[in-house]
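Listed here are the chains, written in short residue letters.
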Amino acid sequence: MDTRYDFGQETDHPIVYVRAVKVGDLPADMRDQVGDLTTLYAVHTAEGERLALVRDRKLAFLLARQNNMEPVTVH
């Protein structure tokens, strides 16, 4: 498929991606800071740079929107 599709104008709000991160996959110094949590949520740029780690999905979306970003979920 080589058909062009017009997605419309780009918004002023960059897209960021929110995904679940297992605490066990984090470095030891970070694991020590999260207490009893088993999952955190990461906010990433489109290029993959991690911008933030927060305790829940709702907070990740709130943080993104407060910073004029458009959050979407990644599986």
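Residues numbered from 1 in each chain as written. Predicted model: local features only at pLDDT ≥ 70, side-chain atom pairs only at ≥ 80, totals over all residues. Heavy atoms only, no water.

A. Layout of the confidence of the model for the protein. Averaged over the protein, the pLDDT score is 89; the fraction of residues at 70 or greater is 87%. No element of the protein has a lower mean pLDDT than helix 1 (residues 28–31), which averages 91, and none a higher one than strand 2 (residues 39–44), which averages 97. (pLDDT = per-residue confidence, 0-100. Helix = DSSP H or I, 4+ residues; strand = E, 2+ residues; numbered from the N terminus.)

B. Local environment of helix 2 (residues 57–66). Residues of helix 2 that are buried include every one of Ala60, Phe61 and Ala64, and no others. One face of helix 2 carries all of its buried residues, which in axial projection span an arc of 95°. Away from the buried face of helix 2 by more than 90 degrees, exposed residues Lys58 and Gln66 are located. Contact partners of the buried residues in helix 2: strand 1 (15–22), strand 2, strand 3 (50–54) and strand 4 (70–73). Sitting at the head of helix 2, aspartate 56 places a side-chain oxygen 3.4 Å from the backbone nitrogen of lysine 58. (Buried < 20%, exposed > 50% of the residue type's maximum accessible area, 1.4 Å probe, protein only. Arc of directions from axis to C-beta. Contact = heavy atoms within 4.5 Å. Polar contact = N/O pair within 3.5 Å; in protein donor to acceptor, adjacent residues only side chain to side chain.)

C. Inspection of the pattern of salt bridges at higher detail. A full pass over the atoms with the stated rule returns one salt bridge. Arginine 55 is the salt-bridge partner of aspartate 56, the closest N and O atoms lying 3.8 Å from each other. (Salt bridge = Lys/Arg side-chain N within 4 Å of Asp/Glu carboxyl O.)

D. The arrangement of unusual backbone geometry in detail. Of note in the backbone geometry, asparagine 68 takes a positive phi value of approximately 60° without being a glycine. Counting through the fold element by element, asparagine 68 comes out in the loop between helix 2 and strand 4.

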